[in-house]
Amino acid sequence: MDIKVALVGNPNTGKSTLFNRLTGLNQKIGNFPGITVDKKTGFMKMIDGKQAEIIDLPGTYSLYPKSSDESIVFQVLADQKNSAHPDVIVLIADASNLKRNMLLYSQVADLGIPMILALNMIDLAEKQGIEVNVDKLAQKLGIQVVSISARNNIGIDRLKQAIANTTKIATQLQDVDVNSLAPEAINAIKSKLNSDNDYYALQVLHQHEYLNFFSDQEQEEIEQIEQSHKFESAKVQAAETVVRYQHLSKLLADVVTDSGRAQKFSFSDKLDAILTHKVWGFAIFLLILFIIFNAIFAWSSYPMDWIEGGFGFLTEVGHEYLPAGMLTDLLLDGVIAGLGGIFVFIPQIAILFAFISILEDTGYMARVTFMMDKIMSKVGLNGKSVVPMIGSLACAVPSIMAARNIENWKDRMITIMVTPLISCSARLPVYILIISLIIPSENLFGIFNMQGLALMVMYLVGIVAAVLVAWVMKFIIKTKERSYFIMELPIYRMPRWKNVFYTMYEKSKTFIIEAGKVIIAISIILWVMATFGPGDRFENIDKKYASALADTTRNTAHIETLIATEKLENSYVGILGHWIEPAIRPLGYDWKIGIGLITSFAAREAFVGTMATIYSVDGGDEDTSTIRERMEASVNSKTGLPVYTFATGISLMLFYAFAMQCMSTVAIVYRETKGWKWPIIQLSYMTAMAYVAALIAYQLLK
């Protein structure tokens, strides 16, 4: 690799957009050495033909970390032995709010690594009446300054050229004398570490205990220097910040001119006054949620029917033309049936992620986070808890990892414990399947789709449950730490439709691949367990119906269906289902649903594939009706009543709303909490909560 470039910047400055613009699809995600923080790296071909490795460091407002993600920035920049240590730093700043962004620049510049300043969103700054004299700023800083718009692909080639032109010697001017803030302690550290950089020594004094490149002995020696010179970190940090802002005010005085910013910001303030209002803000948010869930049903009905019909046709043609036998049955009734139960939900998944992408891209999702902080603080959470909770609408695994950004240990633990209660995309296929069985596809008052309304209610149930459980845990989990919420609201923007469609494609593909691996494995195991049974049970069933099959006057297809049903009940999977049935019968479930509950502990969406496989085996080769039609016609062998009544459906959805049933989530909680205590507590309370809620719902509604 010819050169290594690190992207550094505040949150919401377009750093990730620039990373994607520079690297395209040539990127990968791993972990920083020894730390469970995502490391995004990519590769870029420069103007001169050389190749650069681009490292996207976590967003931070300063080099003083408030989370494990932010601490990575100084670790990478300070440790020359770190695999991500850069040859060049590109600091991305928001051109419309340059003074606030330049605080981080001035800190990073003092570390003495070659730098380039990229003024992003320059087009938006100009629309707001803000002009930046780029040449004068470059002269004052002593480095290359490039104006860009990563979103609109403006100035990217100039930035690449600037990277190619950067020397290995840092040229930035240092106008802040940090040595005067704590000269004795700084000089002692410089001598100890054999360094000539004042700011590096100062930062070591501030945060050495978080730096993993020092040995235990070195940590003790640094601590002794800190104590012997009575170094007070908080006071020195405050003094440094004041000095830097005073310097930046003088530096930017004749560089930035603002002719129309007040008018623009008054419009933004007026919009925020509505969207974050304590009453109208929540009403608008609920309306947006309803539109999303209504669209999931209304817009996806036709593509769902096409996909469902396609898999039904594939199964029918397969049974007609493929040679009869065990392999054909395995392929069609096991693998194809299981995958069909997942692929049919691609339209809903794509629509959900499209809306989430639009809300994030426009800046509205940040407003929701800010607005929800008022509620979160009352139940003992931090406003930052809303970020992983909203992210759980997609998947709880990365959302639990995102809780690392919450500085307060208690808030972080409560967030991890309640985040899986938010309905993720894996629950969506289960909800849609059950809702389609028990809720009529009709419009309420001619406008509101009843199925979409029911889906929205299920999502709200998860959100309310998470808030209530958090409130209870506030009194159970004790800590002396104080929590606080700091978040910058990004400006409003039009969504990038290319990014929206790319997100739809990527998330749908990921869902299919990740779910597909589990579904195929479970479908094959289920098919084997449903096709074979212990002893001579199957032979006895064949003997029982032999005379009936030989009678040409009787309905052979009906008799074959009876044989298939009886064999299924006597198969290994049927025996397992009947074994757990007494425990789940009070919830309104039969043994087939019990099998679905067991398999979906691997992944919730496996319930749909399990039902598809079981009802395919149960239906026989001639039955080509869809899984929903088979489930709708399913009758309890003991009561003679339909299995999927309104009471059973509500009970089942509540069970899936509250139950953990996700091995990946259990694994990530174990990794994040570094032990089995919290995952076991979480699995136990969520399973108990699911069972009790399902029991009460069924007993009240049956």
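Residues numbered from 1 in each chain as written. Predicted model: local features only at pLDDT ≥ 70, side-chain atom pairs only at ≥ 80, totals over all residues. Heavy atoms only, no water.

Caption draft 1: Spatial organisation of the nonpolar core. Counting residues in each nonpolar core, the largest one holds 94 residues, and the members touching the most others are Tyr589, Phe607, Tyr644, Leu652 and Phe655. With 11 residues, helix H21 (residues 450–476) is the single largest residue contributor to this core. With 62 residues, the next largest nonpolar core counts Ala6, Val8, Met115 and Tyr199 among its residues. (Core = buried A, V, L, I, M, F, W, Y, C linked by side-chain atoms within 4.5 Å. Buried < 20%, exposed > 50% of the residue type's maximum accessible area, 1.4 Å probe, protein only. Helix = DSSP H or I, 4+ residues; strand = E, 2+ residues; numbered from the N terminus.)

Caption draft 2: Structural view of the packing of helix H29 (residues 646–658) against helix H31 (residues 677–701). Look at H29 against H31: their axes get within 8 Å of each other, and the N-to-C directions meet at 165 degrees. When the interaxial angle is binned, H29 and H31 end up roughly antiparallel. Viewed along their axes, H29 and H31 form a crossing whose handedness is right-handed. Here Phe646, Ala647, Thr648, Ile650, Ser651, Leu654, Phe655 and Phe658 of H29 lie close against H31, whose contacting residues are Met686, Met689, Ala690, Tyr691, Ala693, Ala694, Ala697, Tyr698 and Leu701. Among the residues forming the contact of H29 with H31, the class breakdown is 15 nonpolar, two polar and no charged. (Axes fitted to C-alpha atoms, helices over the stretch in contact; angles between N-to-C directions. Parallel < 35°, antiparallel > 145°, perpendicular 65-115°, else oblique. Left-handed = near helix turned anticlockwise from the far one by under 90°. Contact = heavy atoms within 4.5 Å. Nonpolar A, V, L, I, M, F, W, Y, C, P; charged D, E, K, R; others polar.)

Caption draft 3: The arrangement of the packing of aromatic side chains in detail. Going through the model one piece at a time under the given rule, you end up with seven aromatic pairs. Centre to centre, the rings of Phe655 and Tyr656 are 6.2 Å apart; their planes meet at 70 degrees, and the pair counts as edge-to-face. Residue Phe655 is classed as buried on the basis of its relative accessible area of 6%. The exposure class of Tyr656 is buried, given its relative accessible area of 0%. It is Arg244 that lies over the ring of Tyr199; its NZ or CZ is 4.7 Å from the centre. (Phe/Tyr/Trp six-rings, centres within 6.5 Å; stacked < 30°, edge-to-face > 60°. Lys NZ or Arg CZ within 6 Å of the ring centre and 35° of its normal.)

Caption draft 4: Expanded view of helix H19 (residues 409–418). Of all 10 residues that make up H19, eight are buried, and the element is covered over most of its length. Residues of H19 that are buried: Lys410, Asp411, Met413, Ile414, Thr415, Ile416, Met417 and Val418.

Caption draft 5: Fine view of the packing of helix H20 (residues 428–438) against H29. In the contact formed by H20 and H29, the axes pass within 9 Å of each other and the chain directions differ by 170 degrees. In this view, H20 runs roughly antiparallel relative to H29, as classed from their interaxial angle. In this structure, the crossing between H20 and H29 has a hand that is left-handed. Where H20 abuts H29, its residues Val430, Tyr431, Ile434, Ile435 and Ile438 lie against Phe646, Gly649, Ile650, Leu652, Met653, Tyr656 and Ala657. Residues that form the contact of H20 with H29 fall into these classes: 11 nonpolar, one polar and no charged.

Caption draft 6: The arrangement of empty space enclosed by the protein in detail. Taken as a whole and judged by the stated rule, the model has three cavities of 30 Å³ or more. Within this model, the second largest cavity holds a volume of roughly 120 Å³. What lines the second largest cavity is a set of 14 residues, and nearest its centre among them are Tyr105, Ser106, Leu173, Asp175 and His247. Those elements giving two or more residues to the lining of the second largest cavity turn out to be helix H3 (98–109) and helix H10 (233–252). (1 Å grid on protein atoms, 1.4 Å probe; cavity = no way out; pocket = protein on both sides within 12 Å on 5 of 7 lines; lining within 4 Å. Points joined across faces, edges and corners; volume = space filled by probe spheres on them.)

Caption draft 7: Summary view of unusual backbone geometry. At Met121, a residue that is not glycine, the phi angle is positive and equals roughly 60 degrees. On the accessibility criterion, Met121 (8% relative accessible area) is buried. Phi at Asn194 takes a positive value of approximately 55 degrees, unusual for a residue other than glycine. Position of Asn194 relative to the elements: it lies in the loop between helix H7 (183–193) and helix H8 (198–207).

Caption draft 8: Main features of the pattern of salt bridges. Following the criterion strictly, the structure yields 10 salt bridges and no others. Close ionic contact of Arg244 with Asp110 constitutes a salt bridge, the shortest N to O distance being 2.8 Å. Within this pair, whereas Arg244 is found in helix H10, its partner Asp110 is found in the loop between H3 and strand E6 (115–120), the two being separated by 134 residues in sequence. A relative accessible area of 5% places Asp110 in the buried class. Of the charged contacts, one joins Lys235 and Glu232 as a salt bridge, the two residues approaching to 3.5 Å between their closest N and O atoms. Look at Lys235 and you get exposed, because its relative accessible area is 56%. (Salt bridge = Lys/Arg side-chain N within 4 Å of Asp/Glu carboxyl O.)

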